[in-house]
Amino acid sequence: MKLRLKPLFDVFGIVVSNVTSKVNPTITDVKAGMTTLLNKYSSFGKPIIVWLWGSSVDGAANTYGHLEPVLDVNRSADNFSVDFYEQADIYEGVFQALNETSVDIRGVISHGYMYLDKFSEYEPRNMETAFDKGASIRNKPAEGIVEYWFENW
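This one's a predicted model, so the numbers in the text were calculated from it and none came from an experiment.

**Concerning the environment of Ala60**
Of note, Ala60 is situated in the loop between strand 2 (48-52) and helix 2 (84-100). Taking relative accessible area as the criterion, Ala60 reaches 5% and is therefore assigned buried. In contact with Ala60, not counting residues within four places along its chain, are Asn18, Ser55, Glu86 and Ile90.

Written out as structure tokens, the structure is:
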């Protein structure tokens, strides 16, 4: 007996974090990891919304991503150093893969972009590094990557 799935959903959302196992990956490594992930969803026959979750820390491409130092629930961000360019490479590799896939991509959400730049309500956290290490791309190199792709698609 063949199991038939009911069409319960119009679209699937996937959280993209830990996109490659390589340490200090290149953009090509990230693209390859994202392509592999997208291929897993190609048989679903449904559109995909990508929720991109990459903190701006060294190791973000291969670490599951809730490293939000502004939140009391996560002090693990203290163990990472700021790396804006790894975050930018994650976005570039993911967007290159999205640009070349045949999977129906309906949107991209950039995790943390909705946070305000002012973290005063979260004191006594270290506000010097909260925004720097968080997943928000606002005013970071990755924001320029997203701007480029959205303007040129």
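**Points about the pattern of salt bridges**
Following the criterion strictly, the structure yields 3 salt bridges and no others. Put simply, Asp29 and Lys22 hold a salt bridge, and the shortest N to O gap is 3.3 Å.

**A short note on helix 2**
The terminal C-alpha atoms of helix 2 lie 25 Å apart, and with 17 residues this matches the ideal 24 Å at 1.5 Å per residue to within 8%. Regarding helix 2, the residues found buried are Glu86, Gln87, Ala88, Ile90, Tyr91, Glu92, Gly93, Val94, Phe95, Ala97 and Leu98. Where helix 2 is buried, its residues meet strand 1 (12-16), helix 1 (27-41), strand 2, strand 3 (105-110) and helix 4 (141-152). The N-terminus of helix 2 is capped by Asp83, whose side-chain oxygen sits 3.1 Å from the backbone nitrogen of Tyr85.

Criteria and cut-off values
- Residues numbered from 1 in each chain as written.
- Predicted model: local features only at pLDDT ≥ 70, side-chain atom pairs only at ≥ 80, totals over all residues.
- Heavy atoms only, no water.
- Helix = DSSP H or I, 4+ residues; strand = E, 2+ residues; numbered from the N terminus.
- Buried < 20%, exposed > 50% of the residue type's maximum accessible area, 1.4 Å probe, protein only.
- Contact = heavy atoms within 4.5 Å.
- Salt bridge = Lys/Arg side-chain N within 4 Å of Asp/Glu carboxyl O.
- Expected span 1.5 Å × (residues − 1).
- Polar contact = N/O pair within 3.5 Å; in protein donor to acceptor, adjacent residues only side chain to side chain.

Scope: geometric values only; no functional claims are made or implied.
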